[in-house]
Structures are given as C-alpha cells and as structure tokens.
Amino acid sequence: MAMGLFRVCLVVVTAIINHPLLFPRENATVPENEEEIIRKMQAHQEKLQLEQLRLEEEVARLAAEKEALEQVAEEGRQQNETRVTWDLWSTLCMILFLMIEVWRQDHQEGPSPECLGGEEDELPGLRGAPLQGLTLPNKATLGHFYERCIRGATADAARTREFLEGFVDDLLEALRSLCNRDTDMEVEDFIGVDSMYENWQVDRPLLCHLFVPFTPPEPYRFHPELWCSGRSVPLDRQGYGQIKVVRADGDTLSCICGKTKLGEDMLCLLHGRNSMAPPCGDMENLLCATDSLYLDTMQVMKWFQTALTRAWHGIAHKYEFDLAFGQLDSPGSLKIKFRSGKFMPFNLIPVIQCDDSDLYFVSHLPREPSEGTPASSTDWLLSFAVYERHFLRTTLKALPEGACHLSCLQIASFLLSKQSRLTGPSGLSSYHLKTALLHLLLLRQAADWKAGQLDARLHELLFFLEKSLLEKKLYHFFIGNRKVPEAMGLPEAVLRAEPLNLFRPFVLQRSLYRKTLDSFYEMLKNAPALISEYSLHVPSDHASLPQKA
C-alpha cells in the first residue's frame, strides 16, 4: 500500500516539474502579436485560392482538349468504317464480275450455229450486216468453181502422195542402215499428216507433211513433260512441253550414286556399274542441251539434217533427180528437183511420241507469224495432227454421202491463199480455218452438211471466223474441250487443261491484229469476183499436173 502511494506521488511531482508554463524552454517563443499571425494566414489562404482557380482553369482546358481529340477520333473511326464497307463492296463486286466472266468463257467457247443471228448485237463490229454484207455466188457457180479449180487438185494430191511415200521409205531405210543401234537414235516409219492426208489441199505447189518419230538408244527413253502437268509456264508457252532423257529402268538422279562420286571400291546396290548416270559427253550424243537432261530442238535439227544428207548420198545413184534442203530454219524441209525444171517440195519433220498417245512433239512446225519462236531450245510444240486426221475420218462416216464440209474448207483455204499472195501473210492461217470447221462439225447436225448446202455452210464458216476475230477468241479444238468424243482417246491431262486461245497473240500484237482483220475483210470483198473469174477460166497453176514418170 505504501509503495502504491509512493508511485502516485512520484508521477504527480514529475508532471508538475515538466509543465511548460512553470519551466519554459530556452528556444521556445510565444508570438507577440496574434494579428500578425492572422494576417499571414489570410494571405496564404488567398494564394491557395488563386492557385485553386488556376488549377481549375487548367483542368477545364485539358478536358476541352480531350473532348476535341475524342471527337476527331470518332470521326476518323466512322470514316474508316465507311471506307472498309466501300472496299468490301468493291471486292465483292469484283469477285462477282470475275465469276461471271469465267462462266461466260466456260459456256461460250464458240458461237452456236443455232443462235448466230441472235448474237450479232453482242459486239460493236457485228451490229451491221454480217460479213459486211457479203453475198456469195449461187450454188451453181460454187459447184462449177469447185469442180474446175479444186477437185483436180485432189487427184493430183493422190499421185503426189504415192510418189513421195515410195521415195521417203527408201530414204529412211538408207538412214537406218547408216545408224548404230547401240549409240544412235532409232528412226521409225513416217506418218502422213495435214491437208494432203485429209484431202483438202488446194494450194500450189502441193506440199506433203510427214512425221518421222525417233527414239533414243537403249537403255534410255524419252519422258515428256506437258505444260499442263503441274509445272508453272507462261501463257505464251501453253501448248508446248519439254522432253527429258531418262533411263528405261528408272531415273538415276533420285539415287545418291548419281550425285556423289563413289570410290573405286564402292558399288551402288541399286544401280550397277553399267547403269550409272551418263556423263556430259553422252548426254550431248543424246541430243540434250548443254548441262541439261532435256532434249534440245537445235541439236535434233542438226542431227536430222546430217542423217538425211548421208542417207541421200547413199541412194542418189538410183534416182534421176536431185534432193536439196528447202528452208534453212526447218530441219526436214526438202525439195526434189527434176531435170525438166519442175520441183516437188515436202517436209520430213522429226517428232517424238507423247507416251502411248497419238500426240507428237515437233521441233519445228511453221504455222503463222503470230506463233513466234520458242523461248527456249528445249521447248517442243505439241501437235494434234494425227488426232485431227482421225476425227475427220470418223466424222465422215456419220455424214451424208458427198458431204460438203471439206469443200467448205477447201474454198475458204483457196480464198485465203489468194489473198495472202496479194497482201502478204497475216495472222490468219489455214490451220485456223480447219479449227473453225472442226468446231462447226461438233455443233451442227450431220444432215446439215449435205452437198446442196455448200453455200450456207461456207457462209457460216466465214461468219464463225469473223466473230472469232472480233472477239479475239478461237479456242483449240482439243485442248480443254470436253465435248470431244471419248472414242478419240485423248489423254486426260489434255482434256482437263485450260482451253487454249489460238487468237491470244492478237490481244498483245495490235498491229498484227489490225492487218489480219483488214486482210480478212478484203478477202471477203474479193471473194465473189474471184470465184466467178476462176469458174470461167482456170489458170495454168491450177490445171491438172501431168503424170510423172
């Protein structure tokens, strides 16, 4: 108890001693004037109020700027949304337009004969009279013209074919006898193609085209690569292909032994020593391009010309005429020169068969100026000449007796030939005429090709050409044409390919197109007078040739 009282007293004494009023500190000063303190506090308050007003103004300004930026951003966003919407509609319209164009090209490859009259207004050039109001001679005049000027050429063609086939057989047999079967190319029997073997040749001099297939020596083989086989090719290279030289037992390039030099004590278990890849020198002997496995057209031309020259020297003593090359740029352009001064040109064209089909790769096949030249010496032109001949023969069986389809082609070819002599060659050739006829044969009924309808079918053929020229579209008859009968046996890759427009050069070469169009209309203008004149008088160059000894 006493201890507790002592502690209480001690706390009270300590509090009294530490009270500030009883014992003030040395540095503590009490303000002398309270008014001075109040005045300073008021001045400080005024400063704070001014600072508050300034901050409020700054906040208001920043808020206004923020609102303006948000408004600008909103306007920009609305403009972007509008632009995106417009771009979307433009894209959709473009896609729709392209789909319509693709559909039109797929379903309108050629003008249907049943609706030729109703489609005249589709093009500005056809709004006037078709064929610029051309009036062909009547049936009697056309028939008389055909009998006097064209039928005689058909008889001459048969005699010419018979003579040339016998001579070419002898020439190729001599060529085979000079070749080494182990190292040289093997030449096969010739194949007759084009107008002389399709019975519509009318131009003079008569010209035979003969394909001469050849194959490489064992153990090699040719592996063709079409433009439509999946590899990317330019548009102007469609219809061409390349030919790779490979071994018959497989392509050695897929094995490491064809890429790596093996040691003397090492042997590839897949390929023996005799089946190694050929060295560069052997590839040159196989007529390949330099540092390439692809067949070279220039090498083939040199080889074929040399082989023909050697073969002719071996049999020249048996004949009483001379044999010479006709055109330097064509490997097999030959000309027989008789002692009487007459001559007989023909073409031996080295070709390579495409697999087991009737397609052939040709090193050189002159068509017309618009074809141009291959971009590479390893590009080979794909020829459908054998299929064309087969189609005409097959179609003839279904047509009426004395059908006028070949007569139409002969008359049109005759007019084109005469026009070319007057104004020079243009972009239109006899091959285009035949392509147009093949399309019409598919579109027309068999009964429409009776002999009495020659004038109507000829007028239709010329109108088909006019429309194709104005549209700059004439599609290849076989490539991408699924209307071709399956009995033709075309390769599936050719049927699946995109249609090939033979008039595509006219889109790029405007001067050639204008010249071709002018020449075509001038041909139409001169046709009636030309037919009437030749019906009355047959010039000497179209008279029947005498029988050759």
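For the structure, see preceding data.
(A) Region of the structure containing the overall build of the chain. Secondary structure assignment for the chain yields 14 helices and 10 strands. Counting every position in the chain, which comprises 549 residues, the buried fraction comes to 41%. Taken as a whole, the chain presents about 32100 Å² of accessible surface, with 56% of it coming from carbon and sulfur.

(B) Highlighting the packing of helix 3 (residues 139-149) against helix 14 (residues 510-536). Following both chains from N to C, one finds helix 3 and helix 14 inclined at 55°, their axes separated by 8 Å at the closest point. One element, helix 3, and the other, helix 14, form an angle in the oblique class. In the packing of helix 3 onto helix 14, the handedness of the crossing is left-handed. Seen from helix 3, the contacting residues are T141, L142, H144, F145, R148 and C149; seen from helix 14, they are I531, Y534, S535 and L536.

(C) Here's a closer look at unusual backbone geometry. Each neighbour pair has its own omega, and for R204 with P205 the value is -5°, a cis peptide bond. Inspection of the secondary structure assignment puts P205 in the loop between helix 5 (195-198) and strand 3 (208-215). That bond from E218 to P219 is cis: its omega, 10°, falls within 30 degrees of zero. Structurally, P219 can be placed in the loop between strand 3 and strand 4 (220-226). Even without glycine at this site, D291 takes up a positive phi of about 55°.

(D) Representation of the pairing of strand 10 (residues 380-383). The alternating pattern of strand 10 places W380 and L382 on one face and L381 and S383 on the opposite face, and all of these are buried. Across two bridges, strand 5 (residues 240-247) lies against strand 10 in antiparallel orientation. Bridge pairing in strand 10 links G241 to W380. The pairing of strand 9 (residues 360-362) with strand 10 spans three bridges and is classified as antiparallel. Its bridge partner being in strand 10, F361 is matched across the sheet by L382.

(E) Spatial organisation of helix 8 (residues 385-398). With 14 residues, helix 8 ought to run about 20 Å at 1.5 Å a step, and its terminal C-alpha atoms sit 21 Å apart, in line with that. Of all the positions in helix 8, only A385, V386, Y387, E388, R389, F391, L392 and T395 are classed as buried.

(F) Quick look at the nonpolar core. Counting 116 residues, the largest nonpolar core has L171, L295, F346 and L348 as its most contacted members. By residue number, the principal contributor to this core is helix 14, which donates 11 residues. Ranked by size, the runner-up nonpolar core spans 11 residues in total, among them I191, V193, F211 and V386.

(G) Main features of the packing of aromatic side chains. A complete count under the given rule lists 23 aromatic pairs for this structure. Summarising the aromatic geometry, the rings of F384 and F478 are spaced 5.7 Å apart at their centres and angled 10° between planes, so their arrangement reads as stacked. Of this pair, F384 sits in the loop between strand 10 and helix 8 while F478 is found in the loop between helix 11 (454-471) and helix 12 (492-496), placing the two residues 94 residues apart along the sequence. Here the two residues F384 and F478 agree in accessibility, since each one is buried. Judged by centre distance (5.7 Å) and plane angle (50°), the ring pair of F506 and Y513 falls under tilted. For F506, a relative accessible area of 1% corresponds to the buried category. Residue Y513 is classed as buried on the basis of its relative accessible area of 10%. An aromatic cluster of at least three residues, connected via ring pairs, comprises F163, F167, W312, Y319, F321, F338 and F346. In this structure, K335 is placed above the aromatic ring of F343, and the distance from its NZ or CZ to the ring centre is 5.1 Å. Cation over ring: K472 sits above Y513, and NZ or CZ is 4.4 Å from the ring centre.

(H) Representation of a negative patch on the surface within the structure. Taken together, the side chains of D182, E186, E188 and E218 make up a negatively charged region of the molecular surface. Structurally, E188 can be placed in the loop between strand 1 (186-187) and strand 2 (191-193). On the basis of relative accessible area, E188 is assigned to the partly exposed category, the value being 32%.

(I) Geometry of the packing of helix 9 (residues 405-423) against helix 11. At a minimum axis distance of 9 Å, the contact between helix 9 and helix 11 shows a crossing angle of 55°. In terms of their interaxial angle, helix 9 and helix 11 are classed as oblique. In this structure, helix 9 meets helix 11 at a crossing whose hand is right-handed. Here S407, C408, L409, I411 and A412 of helix 9 lie close against helix 11, whose contacting residues are L454, R457, L458 and L461.

(J) Representation of the pairing of strand 4 within the structure. Within strand 4, five of the seven residues are buried, which leaves the element mostly enclosed by the surrounding structure. Summarising the sheet, strand 4 and strand 5 pair through seven bridges and their orientation is antiparallel. Opposite H223, over in strand 5, you have K244 as the bridge partner.

(K) Expanded view of helix 14. With 27 residues, helix 14 extends 39 Å from end C-alpha to end C-alpha; this agrees with the ideal 39 Å at 1.5 Å per step. Approximately 45° is the largest bend angle found in helix 14, and it occurs at A527, with the proline P528 only one to four residues beyond.

(L) Representation of the side chain of N501. Positionally, N501 belongs in the loop between helix 12 and helix 13 (504-508). Accessibility expressed as a relative area gives 19% for N501, which makes it buried. A distance of 3.1 Å separates the side chain of N501 from the backbone nitrogen of F503, its partner in a polar contact.

Rules and cut-offs
Residues numbered from 1 in each chain as written. Predicted model: local features only at pLDDT ≥ 70, side-chain atom pairs only at ≥ 80, totals over all residues. Heavy atoms only, no water. Helix = DSSP H or I, 4+ residues; strand = E, 2+ residues; numbered from the N terminus. Buried < 20%, exposed > 50% of the residue type's maximum accessible area, 1.4 Å probe, protein only. Areas by Shrake-Rupley, 256 points an atom, 1.4 Å probe, with all protein chains shown as cover. Axes fitted to C-alpha atoms, helices over the stretch in contact; angles between N-to-C directions. Parallel < 35°, antiparallel > 145°, perpendicular 65-115°, else oblique. Left-handed = near helix turned anticlockwise from the far one by under 90°. Contact = heavy atoms within 4.5 Å. Pairing = 2+ DSSP bridges. Expected span 1.5 Å × (residues − 1). Core = buried A, V, L, I, M, F, W, Y, C linked by side-chain atoms within 4.5 Å. Phe/Tyr/Trp six-rings, centres within 6.5 Å; stacked < 30°, edge-to-face > 60°. Lys NZ or Arg CZ within 6 Å of the ring centre and 35° of its normal. Patch = residues over 30% accessible without salt bridge, like charges linked within 9 Å, V, L, I, M, F, W, Y side chains within 5 Å. Salt bridge = Lys/Arg side-chain N within 4 Å of Asp/Glu carboxyl O. Lys, Arg positive; Asp, Glu negative; His and termini not counted. Charge placed at Lys NZ, Arg CZ, Asp CG, Glu CD. Bend = angle between axes of the 7 residues up to and from the residue. Polar contact = N/O pair within 3.5 Å; in protein donor to acceptor, adjacent residues only side chain to side chain.

Read these as spatial facts, not as claims about activity.
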